[in-house]
Amino acid sequence: MSRKSPFSRLTIRIMGEKSGNLDLVRGRIVLLVMLFLFFYGAVMVRVVDATIIQGLFDETDSYIGAPQADAGNDEHNSKFRADIVDRNGVLLATSLKTASLHADPKMILNTVDTAKGLVKIFPDMSYGEVLKKLQSEKRFVWIKRNLTPKEQKKILEIGEPGLVFDYDYRRFYPQGDLASHIVGYSNIDGKGQAGIERSFDNLLKTSDRPLKLTIDIRLQHILRREVNEAIKSFTAKAGVGILMDVHTGEVLAATSLPDFNPHAPSSDANSPEMFNRLTLGMYELGSTFKIFTTAALLEKKSFPLSRKYDTTEPVRMAGHTIHDYHPEKRPLSIPEIFMVSSNIGTVHMAQDLGTDSMKKFFADLGLMSKMSFDIDEVGSPIIPSPWREINTLTASYGHGIAVSPMQLIAATSAIVNGGIKVNAHLVKQENEPIASTRVISQQTSLKMRQLMRLVVSHGTARKANVEGYEIGGKTGTAQKNVHGRYDAGKRIATFVGAFPIDDPKYAVLVMVDEPNPNAKSYGYATAGWVAAPAVGKIVSSVGSILGMKPDMDAVDISDPLMKFVSEKGGE
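Rules of the game
Residues numbered from 1 in each chain as written. Predicted model: local features only at pLDDT ≥ 70, side-chain atom pairs only at ≥ 80, totals over all residues. Heavy atoms only, no water. Core = buried A, V, L, I, M, F, W, Y, C linked by side-chain atoms within 4.5 Å. Buried < 20%, exposed > 50% of the residue type's maximum accessible area, 1.4 Å probe, protein only. Domains from an automatic or database assignment. Contact = heavy atoms within 4.5 Å. Helix = DSSP H or I, 4+ residues; strand = E, 2+ residues; numbered from the N terminus. 1 Å grid on protein atoms, 1.4 Å probe; cavity = no way out; pocket = protein on both sides within 12 Å on 5 of 7 lines; lining within 4 Å. Points joined across faces, edges and corners; volume = space filled by probe spheres on them. Nonpolar A, V, L, I, M, F, W, Y, C, P; charged D, E, K, R; others polar. Axes fitted to C-alpha atoms, helices over the stretch in contact; angles between N-to-C directions. Parallel < 35°, antiparallel > 145°, perpendicular 65-115°, else oblique. Left-handed = near helix turned anticlockwise from the far one by under 90°. Salt bridge = Lys/Arg side-chain N within 4 Å of Asp/Glu carboxyl O.

Trainee: What is the right way to look at the nonpolar core in this model?
Mentor: Generally speaking, soluble globular proteins have nonpolar side chains that are buried together. Of all hydrophobic cores here, the largest spans 125 residues; its most connected members are F292 and F499. Residue assignment places this core across two domains, with domain 1 (84-213) and domain 2 (220-564) each supplying three or more. If near-sequence neighbours (up to four positions away) are discounted, F499 is found in contact with L243, Y469, E470, I471, P504, K505, Y506, V508, V539, V542, L546 and M548.

Trainee: When you look at unusual backbone geometry in this model, what are you seeing that I'm missing?
Mentor: For residues other than glycine, phi is negative in most cases, and the peptide bonds are mostly trans. Residues L257 and P258 are joined by a peptide bond in cis, for which omega reads 5 degrees. Within the secondary structure, P258 sits in the loop between β9 (251-257) and α9 (290-301). Look at the link from S385 to P386: it is a cis peptide, with omega at 0 degrees. Considering the arrangement of structural elements, one finds P386 in the loop between α12 (355-364) and α13 (389-395). In this model, S341 sits at a positive phi of 60 degrees, which is unusual for a non-glycine residue. Its location among the elements puts S341 in the loop between α10 (334-340) and α11 (343-353). In this structure S341 comes out as buried when scored by relative accessible area, which is 14%. Phi at E470 is positive, roughly 50 degrees, even though this residue is not glycine. By the element assignment, E470 lies in the loop between α15 (442-458) and β14 (472-482). The class of E470 is buried, set by a relative accessible area of 11%.

Trainee: I would appreciate a short explanation of the layout of surface pockets in the present structure.
Mentor: Summary: where empty space remains is shown by rolling a probe the size of a single water molecule over the atoms. Roughly 920 Å³ of internal volume is contained in the largest pocket. Lining of the largest pocket is provided by 38 residues; of these, H323, N343, Y397, T477 and Q479 occupy positions nearest its centre. Per-element accounting of the lining of the largest pocket gives the leading share, five residues, to β14. Considering only residue class, the lining of the largest pocket consists of eleven nonpolar, 22 polar and five charged.

Trainee: I keep staring at the packing of helix α8 (residues 217-233) against helix α16 (residues 527-542) and nothing clicks. Help me out?
Mentor: The angle between the axes and the distance between the axes are what describe a pair of packed helices. Following both chains from N to C, one finds α8 and α16 inclined at 155 degrees, their axes separated by 9 Å at the closest point. One finds that α8 runs roughly antiparallel with respect to α16. In this structure, the crossing between α8 and α16 has a hand that is right-handed. Between α8 and α16, the residues in contact are L219, I222, L223, R225, E226 and A230 and V530, A534, K537, I538, S541 and V542, respectively. Split into classes, the residues belonging to the contact of α8 with α16 amount to eight nonpolar, one polar and three charged.

Trainee: What should I look at first to understand the pattern of salt bridges in this one?
Mentor: By the definition in use, this model includes 25 salt bridges. Close ionic contact of R198 with D376 constitutes a salt bridge, the shortest N to O distance being 3.7 Å. Highlighted residues: R198 in helix α6 (residues 195-199) and D376 in the loop between α12 and α13, separated in sequence by 178 residues. For R198, a relative accessible area of 40% corresponds to the partly exposed category. Exposure remark for D376: the relative accessible area of 43% places this residue in the partly exposed category. A single network of salt bridges, built from pairs that share partners, joins R81, R171, K191, E197, D201 and K205.

See below:
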């Protein structure tokens, strides 16, 4: 066997060493490639997550030139507020994430071109104003808050790294001004400023559940439409409308006109559209108060409806003369006094009732003190002080005493619902409690419903009559007190009533401030011409929504009173 030479053995050893070195190099290369692929893959995953996956969940979470802020929990954002919905879940107020634009002047590459580009996007901003901001020495200057998606897209197209988007919540009101005095509004910092937004500010900031109101936006639309039409028809200053459940006190619709755009409310708190006439406005509501004076007399004195009072002559006391708008100049029964709205007859009834009894009855109905309500904009009644005998006489027909329209309809509900006081409210309760505080007997309530129906069927509110719905109520036309003096040329025209009056379910009120006669009213601008027709239109429109079918065979509950009526009256 031949032996290998030393040279051969050396050659083999060298070749083995080379092979080992090559394997080592190859392994290192493979390792480096694997590490590169790993890190490249990680980067790609992050890029995909940041640009695509996150974009699917929140299209607005990307912006130019700044790191992503920690969004945190939306429900804990200082400007996030819970939704407000109507009784059927229709959205009244909601919080949506929107973009706002600020600039870091130190990062702006081309100040002049950027300013020109922004002015094209925001025509309401001046070139000089924007240019001044962009050349500032500050690192943060606001450009525009609450951008639309279209505006945001155009800003992105500028491609300027010094323009930065900030994301926050903004309040939106899908129904616009339709219920602005009820819902209210919040400011740019997410703090409630009026209405439900103000009164339930803390709850709306901390809750993730919608706040449900008693109003029905469908009924709200009808009510607002008809009150607005009455204002326009009689070139009036303002108006109020309310629809209420007489048994629970739920406010189904309420409007104060003029109203405001909750997205851009006036900065002037004294502007007419910002004043809530529903609960903050105090008005002398005239003959609608005869509902309460008459109910008190029937409840406290148990006088028969046939009792008569002499209305032949005006009543004079303490330098005041009380007369009737349409004098009958004869003795009138209680139904006649109520039907023709006799001030003289009502004053005599108040004298029989007495000051203490009348004041207590008004107080029991909630007419003598500030009402408890779900919004903070609530005024206090204007009560005569000191209360003299003449005040008893004038207050009996709604003169010299001022309350809010909401107080009036709540008190009227107690008169017609069987005699139980109700608390008007706006926030829907899971199970509406049944009121239990009695203010008059069921017998007195029935007599009052008959009298209120008589006013619509034969008296001053005949223009409110809608066949099949049996409306009952009372008109009231009062001169306005302007700077301490009553102005004969300025009046408040009101109608408050209920339907169907034989078994009332709903109360309705329309008040028009400073109406003027029109071509169709023959020179009149009284409640019978102004407010009563509006109520008739409202009832005929809301009936189907409330599930009420006209009852054409209904017996008029005022018919039994006709034996006490010798002549028909009208306004």
